[in-house]
Amino acid sequence: MATYLLMHGGGMGGWTWKFMREILEAKGHKVYTPTFTGFGEREHLIGRDVGNETHVNDIVNVLKYEDLSDVILVAHSYAGTVAPGVLARAGNQITQVIYLDAIVPHAGERIGSLLGFAPEEELAGLDAMLDSGEGPIGSGVHEQQRAMAKEHPHMMDPDREKWLLDHLSDQPMRATCCVIPVGAESIKHPVDYIAAQNTIMTAMHARARELGWTVHDHPGDHAFNVGDPEGVCTIIEKIVS
């Protein structure tokens, strides 16, 4: 049986894998679903110094202290910016990488400008402000996602969508505006990318193809790990088998 380490997206937490974890564990797999510092049940740890480096450390330490090896690393959305750093430091413990409609960053980029949320100069200024101990601690991603869902409801049962939206928490501003030091272009492991059809990540799908990754299409939306856990798990198990 396989060992999975599932990394969540922005505004979420380990809780977001509830349904996929149940499916994979029922089939005998080991599943780890850590929450990044400042998110979910660790939201009380949010701070101006919490960014990419912190979240890479979060995962590297899980791999270390859980004595994990032969891990299949799964990254959803924001976690695509964390995966390259994890692989650079603990790649010997990971055998395969799967991106779930995730960000595919190049070294030196910032999430906010990469996704078109703010100009590069503005984000660099915010980064410097945070370094000085000033500026907003959170980025408001959770409220942004709730507002988007009002205009474009997720492709899932309304009760499940309510559960998803109710559980969202803020994302550290540092994670949104800091420079990503290790980019996806550095990944040497085999990578499969599962691309949602209804998503703002279309440009990331193109990047995945440019990097030579195998891309698998899914008819759902960006939250398909919650909206269609069965379908996503089926694709993952075909990739791993």
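Criteria and thresholds
Residues numbered from 1 in each chain as written. Predicted model: local features only at pLDDT ≥ 70, side-chain atom pairs only at ≥ 80, totals over all residues. Heavy atoms only, no water. Helix = DSSP H or I, 4+ residues; strand = E, 2+ residues; numbered from the N terminus. Buried < 20%, exposed > 50% of the residue type's maximum accessible area, 1.4 Å probe, protein only. Polar contact = N/O pair within 3.5 Å; in protein donor to acceptor, adjacent residues only side chain to side chain. Contact = heavy atoms within 4.5 Å. Axes fitted to C-alpha atoms, helices over the stretch in contact; angles between N-to-C directions. Parallel < 35°, antiparallel > 145°, perpendicular 65-115°, else oblique. Left-handed = near helix turned anticlockwise from the far one by under 90°. Nonpolar A, V, L, I, M, F, W, Y, C, P; charged D, E, K, R; others polar. Core = buried A, V, L, I, M, F, W, Y, C linked by side-chain atoms within 4.5 Å. Pairing = 2+ DSSP bridges.

(A) Broad picture of the side chain of threonine 199. On the secondary structure map, threonine 199 appears in the loop between strand E5 (191-198) and helix H9 (202-210). Accessibility expressed as a relative area gives 19% for threonine 199, which makes it buried. Of the polar contacts made by the side chain of threonine 199, one reaches the side chain of aspartate 101; its length is 2.6 Å. Separated by 3.0 Å, the side chain of threonine 199 and the backbone nitrogen of methionine 201 make a polar contact. Those residues in contact with threonine 199, other than ones at most four positions away along the chain, are Asp101, His205 and His222.

(B) Representation of the packing of helix H2 (residues 52-65) against helix H3 (residues 83-90) in the model. In contact at an axis separation of 9 Å, H2 and H3 are set at 45° when each is read in the N-to-C sense. Considering the angle they form, H2 stands oblique to H3. In this structure, H2 crosses over H3, and the sense of that crossing is right-handed. Facing Val56, Asn57, Ile59, Val60 and Leu63 of H2, the residues of H3 in contact are Gly85, Val86, Arg89 and Ala90. By residue class, the composition of the contact of H2 with H3 is six nonpolar, two polar and one charged.

(C) Examining the nonpolar core more closely. By size, the foremost hydrophobic cluster in this structure holds 39 residues, and its most contacted members are Met7 and Tyr99. At the level of secondary structure, the elements contributing two or more residues to this core comprise strand E1 (3-7), H2, strand E3 (71-76), H3, strand E4 (94-100), helix H4 (111-114), E5 and H9. Of the residues forming this core, the biggest block, five residues, is contributed by H2. Leaving out residues up to four positions away in the same chain, methionine 7 has contacts with Trp17, Phe36, Ile59, Leu73, Val74, Ala75, His76, Ala79, Val82 and Ala83. Grouped together as the second largest cluster of nonpolar side chains are 20 residues, Ala2, Ile194, Cys233 and Ile235 included.

(D) The arrangement of the sheet that holds strand E2 (residues 30-32) in detail. Taken in spatial order, the six strands make up an open sheet running E2-E1-E3-E4-E5-E6, and their pairing is parallel. Each edge of the open sheet carries a strand with a single partner, namely E2 and strand E6 (214-221). Mean inter-strand twist for the sheet, computed between neighbouring axes without regard to direction, equals 20°. Summarising the sheet, E1 and E3 pair through five bridges and their orientation is parallel. Note on E3: the bridge partner recorded for tyrosine 4 is isoleucine 72. Along the sheet, H2 contacts E1, E3 and E4; its crossing angle with E1, the most-contacted strand, is approximately 160°. Those strands touched by H9 are E5 and E6, and its axis lies near 155° from that of E5.

(E) Region of the structure containing the environment of aspartate 157. Tracing the sequence through the fold places aspartate 157 in the loop between helix H6 (141-151) and helix H7 (158-167). On a C-alpha basis, the gap between aspartate 157 and glycine 227 in space is 7.5 Å, while along the polypeptide they are 70 residues apart.

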